[in-house]
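Chain residues, written in single-letter form:
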Amino acid sequence: MRLTQLKYFVDVATTQNMSRSAKNLHIAQPSLSRTIHELETELATPLFTRNGRALELNTAGERFLKVANATLGTLKAGIDDLHHYTATNANQVTIRIESSTTMIPGLLQHLKKTVPDVSIRLIQHGLENNALVHYDFEFSTHPVKDNENELLLSEEIC
């Protein structure tokens, strides 16, 4: 079953007219009729009662319309959520800090001045399997395997 079939079915079920739905969907009427026929064949049941050129949803069509609307609604909600997530996290940088250091407040202050539109997210906890997949930057006291490491400063222990 294709998403296009569901969208076309919902429109035809709403208008109960192939020609009007074809215009709504900006497709040729024979193509729409063929798509609805393929859907009914795949479902192994007619969804419409046909009286000449008139269409009317039958009981199976009414039941399937509820499912199609719910499915398309869930898909739309998922797309909207993804767009919201992308917009929210587009200007976010995640920094993982292995251990606290006096360098961090100064770094954060510098970043806020330099890139005020970027949100900084700090995380301090263990590194799972030496992977940095959840972080944009990592401040660590030792090199992290399979990642690009750059020494920022070295301190002597007194």
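Residues numbered from 1 in each chain as written. Predicted model: local features only at pLDDT ≥ 70, side-chain atom pairs only at ≥ 80, totals over all residues. Heavy atoms only, no water.

## Observations concerning the pairing of strand β4 (residues 119-123)
So, step 1. Of the strand pairs in this sheet, strand β3 (residues 92-97) and β4 are connected by five bridges, and their pairing is parallel. Residue pairing in the sheet places Val93 in a bridge with Ile120 of β4.
So, step 2. You can see the chain leave β3, run along helix α5 (residues 103-114) and come back into β4, and the turn it takes is right-handed. (Pairing = 2+ DSSP bridges. Helix = DSSP H or I, 4+ residues; strand = E, 2+ residues; numbered from the N terminus. Right-handed = clockwise from strand over helix to strand, strands pointing away.)

## Considerations on the pairing of strand β2 (residues 54-57)
So, step 1. Residues Leu55 and Leu57 of β2 are buried on one face, while the alternating residues Ala54 and Glu56, pointing to the opposite face, are not.
So, step 2. Bridging between strand β1 (residues 48-51) and β2 involves four bridges; their strand directions are antiparallel. Looking at the pairing, Asn51 lines up with Ala54 of β2.
So, step 3. If you look at the hairpin formed by β1 and β2, you'll find two residues sitting between the two strands, and Gly52 has a positive phi there, around 65°. (Buried < 20%, exposed > 50% of the residue type's maximum accessible area, 1.4 Å probe, protein only.)

## Some points on the confidence of the model for the protein chain
So, step 1. Scored by pLDDT, the protein chain has a mean of 84; 89% of the residues are at 70 or more.
So, step 2. Averaged pLDDT values for the elements of the protein chain fall to 75 in strand β5 (residues 137-139) and rise to 96 in helix α3 (residues 29-43). (pLDDT = per-residue confidence, 0-100.)

## Focus on the packing of aromatic side chains
So, step 1. Using the criterion set out here, one finds two aromatic pairs in the structure.
So, step 2. In textbook terms, an aromatic cluster arises when at least three aromatic residues are bridged by ring pairs, as seen for Phe9, Phe48 and Phe64. (Phe/Tyr/Trp six-rings, centres within 6.5 Å; stacked < 30°, edge-to-face > 60°.)

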